[in-house]
Amino acid sequence: MRLLDHDAPIDPEIAAVLDAIDATLAGDPVDGRYAETAEIALLLSSERAAVRPEFARTMDERVARRFAPAPVAVSRRRRRVPREFLEMTGGLAAAIGLIVAIVVIAGGGHGSSSMSSASSGAASGAGSSRAASSPPTASGSKAQPALVPPNGSSSTPTLQPPTTGRKVVQSAGLELAAAPSRIDDVAQQVYDVIGALGGIVENSTVTQTGGPEGYADFQLSVPSASLGQAMGRLSSLNYAQVVSRTDSSQDITDQYGAAQRSLADARALRTSLLKQLAGATTTEQVDSLNAQIHDAEASISSDQATLNRLNHQVGFSQLSVEINARSTPAPVSHGNGGFGIGQAAHDAGRVLTVAAGIALIGIAALLPVALVAGLAWWVGSTVRRRRREQALDAA
Amino acid sequence: MDHALVRSEGVPGTLTASSVSSASTSWGRFEELYRSSRDDVYAYVFTLLRDGAAAEDVTALAFERAYRRRRTFDRRRGEERGWLFGIARNAALDELRRRRRVTALVSEPSEPSDASEPVSEDDEGEVALRRTTVQTALAKLPAREREILALKFHGGLSNAELARVLGVSESNAGTLLYRTMEKLRKACNATA
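Residues numbered from 1 in each chain as written. Chains lettered and ligands numbered in written order. Predicted model: local features only at pLDDT ≥ 70, side-chain atom pairs only at ≥ 80, totals over all residues.

## Re the overall build of chain A
In step 1: Scanning chain A for helices and strands turns up ten helices and five strands.
In step 2: Looking at chain A as a whole, 22% of its 395 residues are labelled buried.
In step 3: For chain A, the share of sequence-separated contacts (at least 6 apart) that also reach a separation of at least 24 residues comes to 77%. (Helix = DSSP H or I, 4+ residues; strand = E, 2+ residues; numbered from the N terminus. Buried ≥ 20, exposed ≤ 12 C-beta atoms within 10 Å, placed from the backbone. Contact = placed C-beta atoms within 7 Å.)

## A few points about unusual backbone geometry
In step 1: Phi is positive for Arg 66 of chain A, close to 60 degrees, though the residue is something other than glycine.
In step 2: Positionally, Arg 66 of chain A belongs in the loop between α3 (53–64) and α4 (74–79).

## Things to note about helix α7 (residues 143–154) of chain B
In step 1: In terms of residue burial, α7 of chain B counts as a mostly covered element, since ten of its twelve residues are buried.
In step 2: Looking one or two residues beyond α7 of chain B, the residue adopting positive phi is Gly 156 of chain B, at roughly 70 degrees.

## A closer look at the nonpolar core
In step 1: Tyr 44, Val 45, Leu 49, Val 58, Ala 88 and Ala 92 of chain B are the most contacted members of the largest nonpolar core, which totals 64 residues.
In step 2: Core analysis: the second largest hydrophobic core is formed by 28 residues, Leu 174, Ala 178, Phe 316 and Val 321 of chain A among them. (Core = buried A, V, L, I, M, F, W, Y, C linked by C-beta atoms within 7 Å.)

## Some thoughts on the packing of helix α5 (residues 80–99) of chain B against helix α8 (residues 159–166) of chain B
All names here are of chain B.
In step 1: Between α5 and α8, whose axes approach to 8 Å, the crossing angle comes to 40 degrees. Between α5 and α8, the crossing angle belongs to the class labelled oblique. Along this stretch, α5 crosses α8, giving a crossing that reads as right-handed. Taking contact as the criterion, the partners of Arg 81, Gly 82, Trp 83, Phe 85, Gly 86 and Arg 89 in α5 are, on α8, Glu 161, Arg 164 and Val 165.
In step 2: Considering only residue class, the contact of α5 with α8 consists of three nonpolar, two polar and four charged. (Axes fitted to C-alpha atoms, helices over the stretch in contact; angles between N-to-C directions. Parallel < 35°, antiparallel > 145°, perpendicular 65-115°, else oblique. Left-handed = near helix turned anticlockwise from the far one by under 90°. Nonpolar A, V, L, I, M, F, W, Y, C, P; charged D, E, K, R; others polar.)

## Considerations on the pairing of strand β2 (residues 200–208) of chain A
All names here are of chain A.
In step 1: Of the pairings in the sheet, the one linking β2 to strand β3 (residues 214–223) comprises eight bridges and is antiparallel in character. Each residue of the ladder has a partner; that of Val 206, found in β3, is Ala 216.
In step 2: Linking β2 back to β3 in an antiparallel pair, the connection comprises five residues, with Gly 210 at a positive phi of about 90 degrees. (Pairing = 2+ DSSP bridges.)

## Some remarks on the sheet that holds strand β4 (residues 240–251) of chain A
All names here are of chain A.
In step 1: Read from one edge of the open sheet, five strands run β2-β3-β5-β1-β4, paired in mixed fashion. With partners counted over all chains shown, the strands left at the sheet margins are β2 and β4, one partner each. Within the sheet, the average angular offset between the axes of one strand and its neighbour, ignoring direction, is 10 degrees.
In step 2: Packing of helix α6 (residues 183–196) onto the sheet brings it into contact with β1 (168–178), β2, β3, β4 and β5 (316–325), and relative to β2 it is tilted by some 170 degrees.
In step 3: With respect to the sheet, helix α9 (residues 283–315) is in contact with β1, β3 and β5, its orientation differing from that of β1 by roughly 45 degrees.

## Here's the deal with the environment of Asp 303 of chain A
All names here are of chain A.
In step 1: Counting through the fold element by element, Asp 303 comes out in helix α9.
In step 2: Counting along the chain gives 37 residues from Asp 303 to Ala 266, while the straight-line C-alpha distance between them is 8.5 Å.
In step 3: Those residues within four positions of Asp 303 in sequence are excluded, and the remaining contacts are Ala 259, Ser 262, Leu 263 and Ala 266.

## As for α9 of chain A
All names here are of chain A.
In step 1: For α9, spanning 33 residues, the distance from its first C-alpha to its last is 47 Å, which sits close to the expected 48 Å at 1.5 Å a residue.
In step 2: Regarding α9, the residues found buried are Ala 296, Asp 303 and Gln 313.
In step 3: Close packing links the buried residues of α9 with β1 and α8 (253–278). (Expected span 1.5 Å × (residues − 1).)

These results come straight from atomic positions and should not be treated as a statement about function.
Dropping the structure here:
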């Protein structure tokens, strides 16, 4: 009921009347000028209703009980669940729910990391170029080495085309990411893996600036039988993460067979020419046969070189490894499978990040709800206050 | 102008005893507030409702609400009696709304207090006449002005407490009370 909004100093005459009223109520004498007001005050005060003794006693008892319900049967009281228990249970449930949500989302974060790895594998599969589709051949196949990485990491196994009885050239590409300060470490691990598998580093470039940049590039040649193993190991190097991976294969069986036939033909021709040379009688015949033999031998050498090159291509796969610097640190040492301080710190940071994200989302979700609730509360209290005033006016 | 511990009457002696040790706690302060204000709250609510049973219910409800909300009391916004009467006022007005009944504030109270001093028959007749005059004049006042008088003379509030209940400043509350008294005085003279 805001009848007046300003707070001006009270008029002295008004203050005198108010003092007279208070003095009258206190039983003190008042100035004769305010006798009429004092009389009215006394009459109004005498209209004051008194409390019934029964009600006074009942109220005293209720206050003494602190407004607790009147005592009832013990069995009923025992069944009643205390409010504190409900509040504590509710708070505990909310805390557990929050922890579960954090754990689930944090687990989801690792899951997304695995998905990233899987997608890179999928990308490598999509990028895989197979020049020749190898027919499945069962007989006479040689057992291929297991392609699972030796440390059993979760990296995607190398795609292995069916090579039984066929001449297949394989190549692969691997793009890794590592912290700038770890480029050298990762590069050294690449050398170690290739050396252990009997491979060859055809050329390499390693650049570590000490700053946020770094780069390494390797052109490798590894025995084809060890390609899968090499890819597995290189995909699980410490301090490095696989960004992308490419597997390629090309069936050169026809090309290899053609080279073999050409070599056989050239050899047969040389044999024939040598027999003809033995039977030659004139100088002209001898010279002509010698020239043809020379050509045949050149052809044999060429075909032999082609076969050697193809054999090398089949026996040794080309492997391209590229290491780029990235800003975020890699998961520490998943090669040894241990749970160290670094891993714990990483997980803790992840949990805190997820928790902060959840809190932010919660705030973002609750803010409009709180605004609407606040507005509803304000409207409700205003309407309620107005209705109360209306009830008073109608009284 | 502070009427705390002065206006209440008829409170059992066991409860009027001072509890100094518990006065500093929220419960102790509430108990003290109850002792000093129970009768005042009842008288004010009765004036609003004109129904003894309803006034008792609302008085009990007001004290229970005050007990439940005692930790929300903010002394910077005024004394506890003003806060308590605000609660009682809301409860009484809610009761008025609930009953949807127009309650006249001028009907005869069921248990008016006795005169403090014995008077002669002539004086008694004159007082009764004067009281009737005041009641008639009071009936002509708007409900809000009657409520101001109820808060002041039946609830026993100081002007500061009156201001808190009405939601105005203390000087404005005093001015409102003065104007209402002047209006009532002139109405009494006109009726006489």
